[in-house]
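If you want the building blocks of each chain, they are given just below.
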Amino acid sequence: MKKLTDSHIIDPAPCCKTVPVIEVIDYNVWFRDYHILNDICVSFIKNKINCIVGPSGSGKSTLIRGINRINDDAEEFTSKGLIQLNGQNIYAKELDITKLRTQIGMVFQKPCVFPKSIAQNVLFGIEHLRKLSKHEKLQIVEDNLKAASLWQEVSYRLNDKANSLSIGQQQRLCIARTLAVNPEVLLLDEPTASLDPVSTRAIDMLRLNLKKEYTIVFVTHDILQAKRISDYLVFMCNGQVLEHGHKEKLFNNADNEQTSKYLSDEYCIC
Amino acid sequence: MSALPGRVGQIYVVSATLISGVVILLIIVFLFLNSWDAISQVGGGLFTLEWHPPNGKYGILSMLYGSVIVTVISLVIAVPLGIFSAIFISEILLPKYKPFVKSLLEILAGIPSIIYGLIGIAFFSVWVRDFFALQSGRTILTAGILLSIMILPTIVTLTDDALRNVPVKYREAARGLGLYNYEVIKSALLPIAKGDIIGAVLLALGRALGETMAVMLVIGSIDKIPQPVFNFLAPGQTITSKLGREIAESAFGSLHFSSMIFMGLLLLVIVLVLTVIAQLYFKKEQRLYE
Amino acid sequence: MNRRFINKLFYGSSWTAVAVCCLVLIFLLLTITWNGIKSINIEFLFTASKNFGAGGGIFYQILGTILLIIFAAIISFPIALGMAIFRSEYLKNPLLKKLVEAFIYGLNGIPSIIFGIFGLIFFVNVLNTGISWFVGSIVLGIMIIPTITLSTYQSINSIPKIYRETAQALGFNRWQVITRVLLPQGIGGAITGLLLGIARAAGETAPIMFIATAFSGVDVPHSLFDPVTALPTHILALAQQATNKQALQNGWGASLVLLCIVMIFSISGLFTRIIFKTTTER
């Protein structure tokens, strides 16, 4: 089992210390016989927005879905390698997966609200964990809807059905719901891909605010979005990480020629 | 958050499934055990024509013949009728009437078989008797006709499902080539739906073989193959009808009982095999409420 | 020209086929209703039968049928639900999937008389329960398990994968996903299946005629192991006395009542299927 060497730690920005909260070491994934992810070695930095970019089919979604092990139940996926959360191997046999997922939350590409009220959706992930008083419930709903920038729009109609919201609002509701579980890390798999530009903007602003408390890892197709809001970038192509590092470096001064080609032209032959 | 509810849940669902498997096994095993006497002692004698327990004759061929013939008659009537009706419902009927018609079919499928039997006695056997000027209207033909009505909803519903499963693009392509409706159906739809339709017919076959009450009341219950063989206006006997009538009268454990159980086992095996084959024909998951 | 003619012929045949089916259906329903309605009055519905049914009413038969189907429902529902959940959420191995499918469709295809005979051998003789209404309920319950399972499975299975993943991502374990997300949304299928199963169980004669019912001298059972009397078997007895006009008439009356009971459940089942379908498609 290879240990993290210095080459895996991202060049620190001049002013801040960087702490890797998730480390991926020699991670491989197969779908049936196809080798989808090939010896991935990368880290994701605490309290920063880590962005994974790359063309379709490069394995970005597979990687991010491996971090909270949501691919475990999907048939025909097998994986090998190490992913560590704060130094602990998340693929260890003794690990409680459901606990892992309360530490690493995920927001999917298509918003998926349950057929319940807005308030009930926010509380969905936590009300089974412990008994909550009415006051606590209201507080949790308010706090997380505020954190997701949705409070203003729905505070007066918390008991309305969640699917009466617009798609952009539903996606923010999904974010609020995930935040309510209080994870350390927030994974977002192309969260704004189904949304219009206005909703996309709102969620971008949201992420900039959230990074103060959470570590954010997200996958996107949209280079401009990556340029706008990310701190660290991981560029993937064909199941491999071609380059990773500080956003400025990759956009202006990439080591790998293909990286700069993709980030400027969105063109990648690999 | 203990793992106990999850554990209990897992035990629950696994046991539920196992219970079903165990039941099927029990049925087959007990039927087999109880027919063992007949198999070992009567052996090939079971496949003879004469059924007369007091004399030690346990030939089940007449019953087998009856079951097969009655089923064949019912299929001959119901399959064309059913397929054409299904084509109508699927291709010709205006879509807004469809839910209504399908519900009607489900209701028809729900009429208990004993009521069919009553109607058979009161009407069909009387009509057959009068139409053919017979002594009694309780004939193989009567049973076949009654049975055909009973399996009609099955065939219609499943064939309609089969046709609906054919994607619209095939219809459009065929029509775009200038084919008449019947040609579209014959050349484009039926070949694709063929598998499901065959499955539907096999299932209907299984149902017809297993039907007891209606057949029992109108078949006449004579344990002989009619002379000549194709005289359907004569009374006859099916396996199910025989079982229904005599099982309560035969002593448990006797050779009589055992031979009857053997008949039941035979029926069960045939029907199960038909069901399995039918499933192989169905391409996608079908709904089966019957 | 020839093609056009064949096409017309084809249309004609289809219309004819449908007309025949409709005629048959109308005939059946009309017959039962017309003949049966003559018998229906308060006295018929609420008095006991006499003379092997040739006289009197069908009160205890109605009670018997209701008793049998209630317990058949209670016995079969948990098992059917468990099986549907197991098949939908726990089974990954394709071979096992085929096996469980075989269980369901096999159980579904077994003729009702075989259930009756099995009940006779296993319960009445081997386990020595005698003629017992409870045993009848058990057998009926086993018979309707596939109906309920198939309907439940369909509705649970059609819930998109994203719901499961979302719940898992929030930290729910498998059983919690089932109880908190899938069952609330899939319960419609279970209810539909249950109603349709009960409709089927109410009308069955063969499974119960050897093991649960007796034709005379029976009213309300006093224990789990007493016989009971039920509508389908009663109709059978009356049908076998068809030459007796009064018996036949009572037979029609009983048939109408049985048909009504069956229809109530069938139609409710169809109704719930429509209701639940429209809510999940929102």
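Residues numbered from 1 in each chain as written. Chains lettered and ligands numbered in written order. Predicted model: local features only at pLDDT ≥ 70, side-chain atom pairs only at ≥ 80, totals over all residues.

Participant: Tell me about the overall build of chain C, and name the residues and values.
Facilitator: Summing up its helical and strand segments, chain C has eleven helices and two strands in all. Reading the helices (α) and strands (β) of chain C from amino to carboxyl end gives α-α-β-β-α-α-α-α-α-α-α-α-α. With respect to the three principal axes, the spread of C-alpha positions in chain C is 70 × 70 × 35 Å. When each of the 282 residues of chain C is scored for burial, the buried share is 54%. In chain C, the proportion of contacts linking residues at least 24 apart, taken out of those at least 6 apart, comes to 77%. (Helix = DSSP H or I, 4+ residues; strand = E, 2+ residues; numbered from the N terminus. Buried ≥ 20, exposed ≤ 12 C-beta atoms within 10 Å, placed from the backbone. Contact = placed C-beta atoms within 7 Å.)

Participant: If you had to explain the overall build of chain A to someone new, which residues and values would you point to?
Facilitator: Looking only at helices and strands, chain A has ten helices and ten strands in total. Radius of gyration (C-alpha) of chain A: 19 Å, near the 18 Å computed for a compact globule of 270 residues. For the C-alpha atoms alone, the extent of chain A along its principal axes is close to 55 × 40 × 40 Å. Considering only contacts within chain A whose residues lie at least 6 apart along the sequence, 68% involve residues at least 24 apart. (Rg over C-alpha atoms; globule rule 2.2 N^0.38 Å.)

Participant: An account of helix H6 (residues 133–157) of chain C is needed here, citing residue identities and associated values.
Facilitator: All names here are of chain C. Across its 25 residues, H6 extends 35 Å between first and last C-alpha, which sits within 8% of the 36 Å expected from 1.5 Å per residue. Where H6 bends most, the angle comes to about 40 degrees, and this point is isoleucine 144, followed within four residues by the proline proline 146. With 23 of 25 residues buried, H6 is to be regarded as a mostly interior element. (Expected span 1.5 Å × (residues − 1). Bend = angle between axes of the 7 residues up to and from the residue.)

Participant: So what's going on with the interface of chain A and chain C? Residues and values would help.
Facilitator: Taken together, the contact between chain A and chain C spans 20 residues of the former and 16 residues of the latter. Among the secondary structure elements, those contributing two or more residues to the side of chain A that touches chain C are helix H2 (97–103) and strand E6 (104–107) of chain A.

Participant: Explain the packing of helix H2 (residues 61–92) of chain B against helix H1 (residues 2–37) of chain C to me, using residue names and the numbers behind them.
Facilitator: Close contact between H2(B) and H1(C) brings their axes to 8 Å; oriented N to C, the two are set at 105 degrees. Our classification of the angle between H2(B) and H1(C) gives roughly perpendicular. Each of Leu81(B), Phe84(B), Ser85(B), Ile87(B), Phe88(B) and Ile92(B) in H2(B) lies in contact with H1(C), whose residues at this interface are Ser13(C), Ser14(C), Trp15(C), Ala17(C), Val18(C), Val20(C) and Cys21(C). Among the residues forming the contact of H2(B) with H1(C), the class breakdown is ten nonpolar, three polar and no charged. (Axes fitted to C-alpha atoms, helices over the stretch in contact; angles between N-to-C directions. Parallel < 35°, antiparallel > 145°, perpendicular 65-115°, else oblique. Nonpolar A, V, L, I, M, F, W, Y, C, P; charged D, E, K, R; others polar.)

Participant: Before we move on, can you summarise the pairing of E6(A) with the specific residues and values?
Facilitator: All names here are of chain A. Where burial is concerned, the two faces of E6 agree: the one with Ile104 and Met106 and the one with Gly105 and Val107 are both buried. Bridge count between E6 and strand E7 (residues 185–189): four bridges; the pairing is parallel. Counterpart to isoleucine 104 in the pairing with E7 is valine 185. (Pairing = 2+ DSSP bridges.)

Participant: Go over the interface of chain C and chain B with me, naming the residues and quoting the values.
Facilitator: Contacts between chain C and chain B engage 71 residues on the former and 69 residues on the latter. Of all the elements, H1(C) adds the most residues to the side of chain C that touches chain B, at 16 residues. Here the residues of the side of chain C that touches chain B are counted per class, giving 51 nonpolar, 18 polar and two charged.

Participant: Explain the sheet that holds strand E2 (residues 34–45) of chain A residue by residue, including any values.
Facilitator: Pairing in this open sheet of four strands is antiparallel, and the strands run E2-E1-E4-E5 (chain A) from one edge to the other. Two strands lie at the open edges of the sheet, namely E2 and strand E5 (88–89) of chain A, each paired on one side alone.

Participant: Give me the pairing of strand E1 (residues 20–31) of chain A: which residues, what numbers.
Facilitator: Residues and elements named next belong to chain A. As paired strands, E1 and E2 are joined by eight bridges and run antiparallel to one another. The residue of E2 that forms the bridge with tyrosine 27 is isoleucine 40. Linkage of E1 to E2, two consecutive antiparallel strands, is achieved through a turn of two residues, within which arginine 32 is found at a positive phi near 50 degrees. Two strands pair when backbone bridges link them, and E1 and strand E4 (residues 77–85) are joined in this way by eight bridges, in the antiparallel orientation. Residue pairing for E4: asparagine 28 is matched across the bridge by lysine 80.

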